[in-house]
Amino acid sequence: MAAGNPQNTCGICTDRASPDSRDTVSMATVTYQGLEVLFSRQQIAERVAEMGAQITKDLNGEKLVMIGVLKGAAPFLADLSRTIQVDATFDFVATTSYGKGLRSSGAVKLIKDLDHSIEGKNVLVVEDILDTGLTLSYLRKLFLQQHPKSLRIATLLDKPSRRIEKIDADYVGFSIPNLFVIGYGMDYAERYRNLPDICVMPPDQQ
Ligand code: PRP
């Protein structure tokens, strides 16, 4: 397990306005295409680099298999992989969940399996967001059946208040409150995945 995981916590206005200015109309909210930016592309890049440095250190020169959970994790995996300085390969899985609202909330089903065995390998599961924990709990159990040498989880965002299944990531980019976030891989009805910043979907547009 990763030691010293410096989880950044996020207040809605963190890094963009002083606490004293939150309730004023002059709050320095940054927007992109009219959407409130929660984490800018620069903040993301800096945090991803920190995560990559920690993962590199923890691997101690050993090889790695990075498993991206489609589709949302694709941009994060692409960026994170380029900050990890060991011999790494990629694989991908895709899941779907029943009873799904805006984010997953039901039983998980695998719709694309791994291409290669992970037996005896160091595995890093890469997710854009850890929400109820249903997806990662399902995947962790599935992957452990193959007896990897190690299995760690990296998630860019973590919403601990939403957890149903007891699971923690080894590497967390930002811990956030229960906001509906889009961009940098995350979607609303399949849109907005290509936004370079992580933005907040306004409640009246959900
Ligand atoms: C999102 C996200 C995670 C999952 C997390 O995927 O990418 O895989 O939900 O939610 P959970 O912790 O509640 O299980 P989604 O199913 O929306 O698919 P996508 O990645 O294709 O957007």
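Remember, it's a predicted structure, so these values are computed and weren't measured experimentally.

With that settled, the discussion passes to the pairing of strand β9 (residues 171-175). Counting buried residues in β9 gives five out of five residues, a clear majority hidden from the surface. Examined bridge by bridge, strand β8 (residues 150-158) and β9 share four bridges and lie parallel to one another. In the strand pairing of β9, Thr 155 is matched with Val 172.

This brings us to the nonpolar core. Core analysis: the largest hydrophobic core is formed by 29 residues, its most contacted members being Leu 80, Leu 124 and Leu 157. Of all the secondary structure elements, the ones that give two or more residues to this core are β3 (35-39), α1 (41-59), β4 (64-70), α2 (74-81), β7 (122-130), β8, β9 and β11 (198-200). Examining the composition of this core, we find that five residues originate from one element, α1, more than from any other. In this structure Leu 80 touches Val 48, Met 51, Gly 52, Ile 55, Met 66, Leu 124, Val 126 and Ala 154, once residues within four positions along its chain are discounted. Counting 18 residues, the second largest nonpolar core, distinct from the first, contains Val 69, Leu 130, Leu 151 and Ile 167.

The next thing to look at is the pattern of salt bridges. Any two side chains of opposite charge can pair, so long as their charged atoms come close to each other. Counting across every chain of the model gives ten salt bridges. The salt bridge involving Arg 41 is made with Asp 197; its shortest N-O contact spans 2.8 Å. Here the residue Arg 41 occupies a position in helix α1, and Asp 197 occupies one in the loop between β10 (181-182) and β11, the gap between them amounting to 156 residues. Residue class for Asp 197 comes out buried when judged on its relative accessible area of 4%. The shortest N-O distance in the salt bridge between Arg 193 and Glu 190 comes to 2.8 Å.

Before going further, it helps to spend a moment on the sheet that holds strand β2 (residues 31-32). Reading across the sheet, the four strands line up as β2-β3-β11-β10 and stay open at both edges, with antiparallel pairing between neighbours. At either margin of the open sheet sits one strand with a lone partner, and together these are β2 and β10. Note that β2 and β3 share two bridges and pair antiparallel. Directly across from Tyr 32, in β3, lies its bridge partner Leu 35. Contacting β2, β3 and β11, α1 crosses the sheet at an angle of about 20° to β3.

Once that is clear, we can look at unusual backbone geometry. With an omega of 0°, the peptide bond running from Leu 70 to Lys 71 counts as cis. A positive phi angle is found at His 147, which is not glycine, with a value near 55°. Relative to the assigned elements, His 147 resides in the loop between α3 (134-144) and β8.

Attention shifts here to α2. Buried within α2 are the following residues: Phe 76, Leu 77, Leu 80 and Ser 81. With its buried residues spanning 120° around the axis, α2 presents them on a single face. Buried-residue contacts for α2 involve α1, β4, β5 (88-97), β7 and β8.

Next up on the list: the packing of aromatic side chains. Throughout the structure, instances matching the rule amount to three aromatic pairs. The interplanar angle of 80° and the centroid separation of 6.3 Å between the aromatic rings of Phe 90 and Phe 92 together place this pair among those described as edge-to-face.

Where α1 contacts α2, the two axes come as close as 9 Å, and the packing angle between them is 60°. By the angle class used here, α1 and α2 are oblique. Crossing angle aside, the handedness with which α1 passes α2 is right-handed. Contacts between α1 and α2 involve Val 48, Met 51, Gly 52 and Ile 55 from the former and Phe 76, Asp 79 and Leu 80 from the latter. For the contact of α1 with α2, the per-class residue count stands at five nonpolar, one polar and one charged.

Another point: the confidence of the model for the protein. Looking at the protein, the pLDDT average stands at 87 and 83% of residues meet or exceed 70. Every residue in residues 1-27 is under pLDDT 50, and counting partners more than four places away or in other chains gives 47 contacts.

How each quantity is defined
- Residues numbered from 1 in each chain as written.
- Predicted model: local features only at pLDDT ≥ 70, side-chain atom pairs only at ≥ 80, totals over all residues.
- Heavy atoms only, no water.
- Buried < 20%, exposed > 50% of the residue type's maximum accessible area, 1.4 Å probe, protein only.
- Helix = DSSP H or I, 4+ residues; strand = E, 2+ residues; numbered from the N terminus.
- Pairing = 2+ DSSP bridges.
- Core = buried A, V, L, I, M, F, W, Y, C linked by side-chain atoms within 4.5 Å.
- Contact = heavy atoms within 4.5 Å.
- Salt bridge = Lys/Arg side-chain N within 4 Å of Asp/Glu carboxyl O.
- Axes fitted to C-alpha atoms, helices over the stretch in contact; angles between N-to-C directions.
- Arc of directions from axis to C-beta.
- Phe/Tyr/Trp six-rings, centres within 6.5 Å; stacked < 30°, edge-to-face > 60°.
- Parallel < 35°, antiparallel > 145°, perpendicular 65-115°, else oblique.
- Left-handed = near helix turned anticlockwise from the far one by under 90°.
- Nonpolar A, V, L, I, M, F, W, Y, C, P; charged D, E, K, R; others polar.
- pLDDT = per-residue confidence, 0-100.

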